[in-house]
Amino acid sequence: CKETVFRMLRKIYGRVSKNHKITIVPTLEAFQKHPFYPALEDILHELKRHRGHKDIIKSSRLPACDYFVHEPRFIVEFDESQHFTIPRAITLENYPPEMEVGFSVVRWIELCRELRKRDNDPPHRDETRAWYDTLRDFVPVLMDYKPTVRLYASELRWCDLDPDNSTDVNR
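These lines cover the structure that appears in this document, whether it is placed above or below. (Residues numbered from 1 in each chain as written. Predicted model: local features only at pLDDT ≥ 70, side-chain atom pairs only at ≥ 80, totals over all residues. Heavy atoms only, no water.)

Examining the nonpolar core
So, point 1. Counting residues in each nonpolar core, the largest one holds 34 residues, and the members touching the most others are Trp131 and Val139.
So, point 2. Every element with two or more residues in this core is listed here: α2 (37-51), β2 (65-70), α3 (86-93), α4 (105-115) and α5 (125-143). (Core = buried A, V, L, I, M, F, W, Y, C linked by side-chain atoms within 4.5 Å. Buried < 20%, exposed > 50% of the residue type's maximum accessible area, 1.4 Å probe, protein only. Helix = DSSP H or I, 4+ residues; strand = E, 2+ residues; numbered from the N terminus.)

Some thoughts on unusual backbone geometry
So, point 1. The amide bond that connects glutamate 71 to the next residue, proline 72, takes the cis arrangement and shows omega of -5°.
So, point 2. Inspection of the secondary structure puts proline 72 in the loop between β2 and β3 (73-79).
So, point 3. Of note, the bond from aspartate 121 into proline 122 is cis; its omega dihedral lies within 30 degrees of zero at 5°.
So, point 4. Topologically, proline 122 is positioned in the loop between α4 and α5.
So, point 5. One non-glycine residue with positive phi stands out, namely arginine 116, at about 45°.
So, point 6. With respect to the element layout, arginine 116 can be found in the loop between α4 and α5.
So, point 7. On the basis of relative accessibility, which here comes to 48%, the residue arginine 116 falls in the partly exposed class.
So, point 8. Even without a glycine there, the phi angle at aspartate 144 is positive, about 60°.
So, point 9. Structurally, the position occupied by aspartate 144 is in the loop between α5 and β4 (149-152).

Let's talk about the side chain of threonine 128
So, point 1. Among the structural elements, threonine 128 can be located in helix α5.
So, point 2. Its relative accessible area of 9% is what places threonine 128 among the buried residues.
So, point 3. Polar side-chain contacts of threonine 128 include one of 2.5 Å to the backbone oxygen of isoleucine 56.
So, point 4. If sequence neighbours within four positions are ignored, threonine 128 has contacts with Ile56 and Lys58. (Polar contact = N/O pair within 3.5 Å; in protein donor to acceptor, adjacent residues only side chain to side chain. Contact = heavy atoms within 4.5 Å.)

Notes on α5
So, point 1. Taking 1.5 Å of rise per residue, 19 residues should cover 27 Å, and α5 covers 26 Å from first to last C-alpha, within 8% of that figure.
So, point 2. The largest bend along α5 measures about 35° and falls at aspartate 137, with the proline proline 140 one to four residues further on.
So, point 3. The element α5 is largely enclosed, with a buried count of 15 among its 19 residues.
So, point 4. Looking one or two residues past α5, aspartate 144 carries a phi angle of roughly 60°, positive in sign. (Expected span 1.5 Å × (residues − 1). Bend = angle between axes of the 7 residues up to and from the residue.)

This is the structure we're talking about:
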């Protein structure tokens, strides 16, 4: 279904990249000049406190985003069920209310609380994934992008959409 989403995005926006690399180190220090640095600091603290995993940043670069729309510039993430964890709810609950995002934070928190997915191999995987997802939501402020858009994989039958069908494209 990710391929269908990619084709739909290309139909709507033209130039779209898959697995786009954002050249940012995924540490808190990399965001010191970010206007929401205090919120990120709180989020990271709460993530580490949740289950006691202190070393959750495992990559020297932020892992690639699912899609990047080049004009207007914005990230699109296709969130499958493994993204809806309690650690992710913790991050979302600490987002500054004035920060713009391209999805419903309230809905994502509800999905996290409802689905309560877990991936404990390695033991800190949920916290690591939640941190990287958070950074992808905060990156637009640093990079002068439009807000990150998140699509819930189970919200639609994405595979059934046809980029050549105007009704599907409008949907």
